[in-house]
Amino acid sequence: MASSAARRARRRVRGVPPAGARARSAENWWWDRLAPSGSGYHLLQADSMLLVLPGPGPARARAQRRAARRAQRLPPPGARAAAAKAKPRPAPAPAPAPELQQGPDPGWGDRIPLEILLQIFGLLVAADGPMPFLGRYPRPSKRSGMAQADPAARVCRRWHDAASQPALWHTVTLSPPLTGRPTLGGAKAEKKLLASLEWLMPNRFSQLQRLTLIHWKSQVYPVLKLVSESCPRLTFLKLSDCHGVTPGTLIMLAKACPQLHSLDIQHSLSPKEAWAEVTGTPVLGSQVESTAVVSFLEEAGPRMRKLWLTYSSQTTAILGALLGSCCPQLQVLEVSTGINRNSTPLQLPVEALQKGCPQLQVLRLLNLMWLPKPSGRVVTPGPGFPSLEELCLASSTCNFVSNEVLGRLLHGSPNLRLLDLRGCARITPAGLHDLPCQELEQLHLGLYGMLDRLTLAKEGSPLLTQKWCHTLRELDLSGQGFSEKDLDQALAAFSGIPGGSHPALCSLNLRGTRVTASSVSSVISSCPGLLYLNLESCRCLPRGLKRAYRGPEEVQWCLEQLLTSLPSPS
């Protein structure tokens, strides 16, 4: 009983096999891999488990010495008689034991080359950003004054070297941790974070390219001053809900960062509006002081590529700087409304904007009540936007965009790829058909929650699909009033593409239209790449099928249900 228990839990200790022994078995080979010589560990085998335990000393070395001594004490049986007759000889000195490796195995983290480790860290940073993997907001140490080590740097020295590379800190978002707390608590949190940034900026952010500041109420100027001193490669700056953005702050950045070409100042308050938010007293003013933006554009205008603004009563001054050719290389311009919607319409001189920003590629006027400036009796067409690829005029309410306005905007834009006219109920299919663009990929004409007191076009949808059926990838006709026959002809265009190639359509929104089951089944069969289909509130479809379908499996299931619901031909 005791012997069987001892066999179930015995320590496996092996020595060096004597000369002439057989080759090692597979079991011994695995034991050598699990606990190599000199690793400071030994193996313990029980019923159904194998434990690798740290030992006080080199147990395998002792086993090797015992095996060597045992081999010397027990000579072969045939050699005993010969040894008795022969003269005694001095015993040969035992072979010295092999030297053991000093110190434990350094581990796999130290064996990875620094270049490969940087590539792995780079993939993580590209997906989730440098924080919190490379580092959180460290608090300065009271003894040394330096920030505490980053989380990744705590693993080993090699990881510390990799996490300290400034090339990994190219995109950073900074926000005080006490968002939404009282004003005093938020100011205290900003000061703590500012103390950490005084160490991080020169030691980590020397190659910073994209910086986003969110919910900074009182320490915007000190942070941007650190950026101007330590981040000469900054190219993009976003200030979201930041108070106290003054002209001196932006001019300081424009002079210190010669590569800064993108500025996003949406939803940031000026000092007057910050005081109004605290006291509750309304004070007139823009989201960001217009003088600050104008001064920045005058300093950095020739290199500006992208600009994001929030519309207010003083946005006219900023647009005036753009119309005066202050930013001739501007490629992206977005103007949107803030949380508090401004009811004052924006008058935009279309022809002057085309002359001031001839390189514009993306123009977004989102959720704005805007209308073009009257052109007078004699209409002089502008140069257009020859490089324009995206135009977004989406709005949640009805706006003043008509076929004439759209023609003034796009008469010189043959390379347009995306056209978003959601909420533009005055646009007709005939006006879209006259546009010069021939390879439109995304067309959004949805009308959401604005069907009352509107007279919608009932025909003309085939003009759209017949012109762009070979290039359209996304089509949104939700809420449009086209008739059943008109929609049948429009969707049939996807079945008759010349050359036998399949349409590129992958998203189709027919919510609230009069589309029929036969038309839907035809377009699904003709477009194998269709991944999204919205059939909500389609009154001409059978019950149970009026919903949105996402993914190829759901779209094919819809096709099967539609085919079974169609009446069989007589």
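Quantities reported herein were computed from a predicted structural model and do not represent experimental measurements.

(A) Here's a closer look at the overall build of the chain. In terms of regular secondary structure, the chain is built from 20 helices and 19 strands. Relative to its full complement of 570 residues, the chain shows a buried share of 42%. Here the analysis covers contacts within the chain between residues at least 6 apart in sequence; of these, 75% occur between residues at least 24 apart.

(B) Quick peek at the pattern of salt bridges. Counted according to the given criterion, the structure contains nine salt bridges. Put simply, E404 and R408 hold a salt bridge, and the shortest N to O gap is 3.6 Å. Of the two residues, E404 and R408 are both situated in helix 15 (residues 403-410); the distance of four residues between them amounts to about one turn of the helix. Its relative accessible area of 10% is what places R408 among the buried residues. Of the charged contacts, one joins R417 and E439 as a salt bridge, the two residues approaching to 3.4 Å between their closest N and O atoms. In this pair, R417 is assigned in the loop between helix 15 and strand 14 (418-420) and E439 in the loop between helix 16 (429-433) and strand 15 (442-444), connecting sequence segments 22 residues apart. Given a relative accessible area of 42%, E439 falls into the partly exposed group.

(C) Representation of helix 17 (residues 461-468) within the structure. A large share of helix 17 lies buried, amounting to six of its eight residues. Taken as a whole, helix 17 has its buried residues at S461, P462, L464, T465, K467 and W468. Buried residues along helix 17 sit in contact with helix 16, strand 15, strand 16 (474-476) and helix 18 (484-492).

(D) Fine view of the packing of helix 10 (residues 247-256) against helix 12 (residues 290-300). Contact pair helix 10 / helix 12: the axes reach a minimum separation of 8 Å and the direction vectors enclose 15 degrees. If you check the angle between helix 10 and helix 12, you find them roughly parallel. Considering how the two elements wind past one another, helix 10 and helix 12 form a crossing that is right-handed. Two secondary-structure elements touch here, helix 10 through P247, L250, I251, A254 and K255 and helix 12 through T291, A292, V293, S295, F296, E299 and A300. Taken together, the residues of the contact of helix 10 with helix 12 break down into eight nonpolar, two polar and two charged.

(E) Here's a closer look at the side chain of H444. By the secondary structure assignment, H444 is in strand 15. Leaving out residues up to four positions away in the same chain, H444 has contacts with L419, D420, L421, R422, E474 and D476.

(F) Here's a closer look at the pairing of strand 9 (residues 332-336). The buried fraction of strand 9 amounts to five of the five residues, a majority that puts the element mostly inside the structure. Burial of strand 9 is two-sided: the residues V332, E334 and S336 facing one way and the residues L333 and V335 facing the other way are all buried. Sheet topology places strand 8 (residues 306-310) next to strand 9; five bridges connect them, and they run parallel. Along strand 9, the bridge assignment pairs L309 with V335. The handedness of the strand 8 to strand 9 crossover, carried by helix 13 (residues 315-323), is right-handed. Examined bridge by bridge, strand 9 and strand 11 (residues 362-366) share five bridges and lie parallel to one another. By the bridge assignment, V332 is partnered in strand 11 with V362.

(G) Representation of helix 12 within the structure. When we look at burial in helix 12, the residues that qualify are S290, A292, V293, V294, F296, L297 and A300. Each element contacted by the buried residues of helix 12 is listed here: helix 10, strand 7 (262-264), strand 8 and helix 13.

(H) Local environment of the nonpolar core. Counting 121 residues, the largest nonpolar core has L297 and L419 as the members making the most contacts within it. Each of domain 1 (111-136 + 147-168) and domain 2 (186-277 + 285-496 + 504-565) gives at least three residues to this core. Ignoring sequence-local partners within four residues, the contact set of L297 consists of M304, L307, I318, A321, L322, C326 and C327.

(I) Fine view of unusual backbone geometry. Unusually for a residue other than glycine, N367 sits at a positive phi of about 60 degrees. The topology assignment puts N367 in the loop between strand 11 and strand 12 (370-372). The exposure class assigned to N367 is partly exposed, which follows from its relative accessible area of 25%.

(J) Structural view of the environment of L211. Within the element layout of this structure, L211 appears in strand 5 (residues 210-214). Take L211: its relative accessible area is 0%, and that puts it in the buried class. Between the C-alpha atoms of L211 and H170, which are 41 residues apart in sequence, the distance is 8.3 Å. Apart from residues no more than four positions distant in its own chain, L211 is found in contact with V172, L174, V227, L234, F236, L237 and K238.

(K) View of the environment of L533. Position of L533 relative to the elements: it lies in strand 18 (residues 532-534). Residue classification places L533 among the buried positions, given a relative accessible area of 0%. Expressed as a C-alpha distance, the spacing of L533 and G551, which sit 18 residues apart in the sequence, is 8.8 Å. Residues in contact with L533, not counting those within four places in the same chain, are L508, V520, I524, R547, A548, Y549 and C558.

(L) Looking closely at the pairing of strand 5. In this structure, strand 4 (residues 171-174) lies alongside strand 5, joined through four bridges in parallel fashion. The residue bridging T173 from the neighbouring strand is T212, located in strand 5. Bridge analysis of strand 5 against strand 6 (residues 236-240) gives five bridges, and the strand direction is parallel. Within strand 6, the residue paired with T212 across the bridge is K238. You can see the chain leave strand 5, run along helix 9 (residues 220-230) and come back into strand 6, and the turn it takes is right-handed.

So, how was this worked out
Residues numbered from 1 in each chain as written. Predicted model: local features only at pLDDT ≥ 70, side-chain atom pairs only at ≥ 80, totals over all residues. Heavy atoms only, no water. Helix = DSSP H or I, 4+ residues; strand = E, 2+ residues; numbered from the N terminus. Buried < 20%, exposed > 50% of the residue type's maximum accessible area, 1.4 Å probe, protein only. Contact = heavy atoms within 4.5 Å. Salt bridge = Lys/Arg side-chain N within 4 Å of Asp/Glu carboxyl O. Axes fitted to C-alpha atoms, helices over the stretch in contact; angles between N-to-C directions. Parallel < 35°, antiparallel > 145°, perpendicular 65-115°, else oblique. Left-handed = near helix turned anticlockwise from the far one by under 90°. Nonpolar A, V, L, I, M, F, W, Y, C, P; charged D, E, K, R; others polar. Pairing = 2+ DSSP bridges. Right-handed = clockwise from strand over helix to strand, strands pointing away. Core = buried A, V, L, I, M, F, W, Y, C linked by side-chain atoms within 4.5 Å. Domains from an automatic or database assignment.

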